[in-house]
Amino acid sequence: MTGFMDYSVTNNDLLASEFIGMRVYRAEEDVDVMTNMAPDAQTEWDDIGEINELVISPDGNVIAVIVGVGGFLGVGEKDVAMDMNQIHILREADDADDYFLVIKSSSDALKAAPSFARDMNKPEMDAAAEPKRSMLMAPDVKREGYAKTERTELTTEMLTGARVYGVDDEDVGEIHSLLLDDKGAIERAVIDVGGFLGMGEKPVAVTFDELTILRKDGGDEVQVYIDSSQEALKAQPTYEK
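Everything quoted here is computed from the prediction, not taken from an experiment.

Enquirer: Lay out the pattern of salt bridges in plain terms, naming residues and giving numbers.
Expert: For the coordinates displayed, the defined rule picks out 9 salt bridges. Between D169 and R143 there is a salt bridge, with its nearest N and O atoms 2.7 Å apart. Here D169 is found in the loop between β8 (163-165) and β9 (171-180), whereas its partner R143 is found in the loop between α2 (107-112) and β7 (146-148), with 26 residues between them in sequence. K216 is the partner of E221 in a salt bridge, and the nearest nitrogen-oxygen pair spans 4.0 Å. Assessed through its relative accessible area of 39%, E221 is described here as partly exposed.

Enquirer: How would you summarise the sheet that holds strand β6 (residues 99-104) if you had to cite specific residues and measurements?
Expert: Reading across the sheet, the 6 strands line up as β4-β3-β2-β1-β6-β5 and stay open at both edges, with mixed pairing between neighbours. Every interior strand has two partners, whereas the edge strands, β4 (78-82) and β5 (88-91), have only one. Pairwise comparison of adjacent strand axes, ignoring direction, gives a mean angle of 40 degrees for this sheet. Looking at chain direction, strand β1 (residues 23-27) and strand β2 (residues 46-56) are connected through 4 bridges and run antiparallel. Among the inter-strand pairings, V24 is bridged to a residue of β2, identified as G49.

Enquirer: Outline the pairing of β6, supporting the account with residue identities and numerical values.
Expert: Burial within β6 is extensive, with 5 of its 6 residues counted as buried. Looking at chain direction, β1 and β6 are connected through 4 bridges and run parallel. Each bridged residue has a counterpart across the sheet, and for R26 the counterpart in β6 is I103. In terms of strand pairing, β5 meets β6 through 4 bridges, oriented antiparallel. For H88, the partnering residue across the bridge sits in β6 and is V102.

Enquirer: Any details on the environment of D108? Residues and values, ideally.
Expert: Tracing the chain through its elements places D108 in helix α2. With relative accessibility at 31%, the residue D108 sits in the partly exposed group. In sequence terms D108 and E231 are 123 residues apart; their C-alpha atoms lie 7.9 Å from each other. When neighbours within four sequence positions are excluded, D108 is seen to be in contact with S229 and A232.

Enquirer: Let's hear about the nonpolar core: which residues, and what values?
Expert: Formed by 21 residues in total, the largest nonpolar core has its most connected members in L159, F208, L211, I213 and I226. Secondary-structure elements contributing two or more residues to this core are α3 (156-159), β9, β10 (186-193), β11 (202-207), β12 (211-216) and β13 (222-226). For this core, the leading source of residues is β10, giving 4 residues. When neighbours within four sequence positions are excluded, I226 is seen to be in contact with L136, P139, V164, Y165, G166, V167, V172, I191, V206, E210, L211 and L233. The next biggest cluster of nonpolar side chains, apart from the first, holds 17 residues, and it includes F19, V80, Y99 and L110.

About the criteria used
Residues numbered from 1 in each chain as written. Predicted model: local features only at pLDDT ≥ 70, side-chain atom pairs only at ≥ 80, totals over all residues. Heavy atoms only, no water. Salt bridge = Lys/Arg side-chain N within 4 Å of Asp/Glu carboxyl O. Helix = DSSP H or I, 4+ residues; strand = E, 2+ residues; numbered from the N terminus. Buried < 20%, exposed > 50% of the residue type's maximum accessible area, 1.4 Å probe, protein only. Pairing = 2+ DSSP bridges. Axes fitted to C-alpha atoms, helices over the stretch in contact; angles between N-to-C directions. Contact = heavy atoms within 4.5 Å. Core = buried A, V, L, I, M, F, W, Y, C linked by side-chain atoms within 4.5 Å.

Rendered as structure tokens:
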């Protein structure tokens, strides 16, 4: 009789057959899972898609929740993998059996989230190849005392270690290194995104077409701008050396 159990479903349990197909909502602010939500509270959130699949480990844990997102993002639907621990379950005050699934995320982070690949039999990626990523538009930035600079006027000394600023002048990281093309010209910049005191940083490689670089009048000081938040950049594929 090993493996069998006498179990009755409780109000706090989630059935996989009901969980798959449920809508997932996005909130910009933190949600309080300890307080039952008022009726129609979901109208304040963005409906980002529905749960298509669950990925379960051999020991029975939910590794990832696969959600088909699209619509309000302005892009075609794609499957993304979400951490079950980041999906909050909110129940209605008037109906304990009715609940909603909510994540805290920006629309930028959802757009930049990598697509989930279902094909387990596809050939391994070449070590030199990198995952495809959505290209960003270089922001139109002007600062007093600085002028927009072309890459041909820049040196590695000017750029290495330069701070990178994103949406609303958010400090998103710094340029760690530069990547050259086969002719020796600067092609991409590797940005160490986030982190604190050199820890927890994520390297992300972006092209120079995605950057706006301002150089101080009469000097070598530069300021680098990208049209992204730190959260969205962290969702980009990691640059592997």
